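# Structure assessment
Okay, here's what each chain looks like letter by letter:
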Amino acid sequence: SVNFGTNMPIGNFQEVDSIASSGANTGIYYSFEAGAYFSKFFGVALNVGAFSNSVDEESIKDQLKNNLGSSDEFSVNSDNWVNGYIMLGPIFSVEVSKVIIDAKILGGIMNTEKPFINVESTSAGTTTSFNKSNQVTASAFGLNYGLHLRIKLKSKLGLRLNAEGF
């Protein structure tokens, strides 16, 4: 199936604890997911996708004003957080009436690109580059877990609702 929707950052990914870490706003995700079933209840799933979130620039400005006790005006320019993944693992399914409930735990490679962030301050008409955070890319093993509700609408057409975590 081809999936797309909204992703909501939580925990450390959402919070701004420094300019270098830069919190994320709600973003978009898209993926392709396929499964092969060995029985009515058990199979293996492949999930390939990505999600993108803008940087919470307003929170960075608020943090700078609070931490520095400054009346300067700050401008923040940044790229987006971009995360891509390829995951493989077991999927378990149960059918109840016209609804199929899938539970999955997948593992694989995850690539994260931390965005470039530039902060400038303006005081008395003078603009100064305050901080430049470099773009950083890293890859690591990751887990993708989730629940899917597949609602049958017609013989080969259905609606799928996903709740997933990484």
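To be clear, the structure that these remarks concern was listed above.
Residues numbered from 1 in each chain as written. Predicted model: local features only at pLDDT ≥ 70, side-chain atom pairs only at ≥ 80, totals over all residues. Heavy atoms only, no water.

### Describing the packing of aromatic side chains
Remark: the centre distance and the inter-plane angle together describe each pair of aromatic rings, the angle taken between the planes. Taken as a whole and judged by the stated rule, the model has 5 aromatic pairs. Taking 5.4 Å as the distance between ring centres and 35° as the angle between the ring planes, the aromatic pair formed by Phe51 and Phe166 counts as tilted. With Phe51 in strand E3 (residues 42–53) and Phe166 in the segment after strand E10 (157–165), this pair connects stretches of sequence that are 115 residues apart. Taking relative accessible area as the criterion, Phe51 reaches 11% and is therefore assigned buried. On the numbers, 4.6 Å between centres and 50° between planes, the contact of Tyr85 with Phe166 is tilted. Of the two residues, Tyr85 sits in strand E5 (residues 81–96) while Phe166 sits in the segment after E10, which places them 81 residues apart along the sequence. (Phe/Tyr/Trp six-rings, centres within 6.5 Å; stacked < 30°, edge-to-face > 60°. Helix = DSSP H or I, 4+ residues; strand = E, 2+ residues; numbered from the N terminus. Buried < 20%, exposed > 50% of the residue type's maximum accessible area, 1.4 Å probe, protein only.)

### Thoughts on the environment of Asn53
Among the structural elements, Asn53 can be located in strand E3. For the pair Asn53 and Gly158, spaced 105 residues apart in sequence, the C-alpha to C-alpha distance is 28 Å. A distance of 2.6 Å separates polar atoms of two side chains, one belonging to Asn53 and the other to Asn7. There is a polar contact of 2.7 Å between the side chain of Asn53 and the backbone oxygen of Asn25. (Polar contact = N/O pair within 3.5 Å; in protein donor to acceptor, adjacent residues only side chain to side chain.)

### Some points on the sheet that holds E10
Taken together, 7 strands build an open sheet; the order of strands is E1-E2-E3-E5-E6-E9-E10 and the sheet is antiparallel. Each having just a single partner strand, strand E1 (2–7) and E10 make up the two edges of the open sheet. Ignoring strand direction, the axes of neighbouring strands in this sheet form an average angle of 25°. Note: E3 against E5, 12 bridges, orientation antiparallel. (Pairing = 2+ DSSP bridges. Axes fitted to C-alpha atoms, helices over the stretch in contact; angles between N-to-C directions.)

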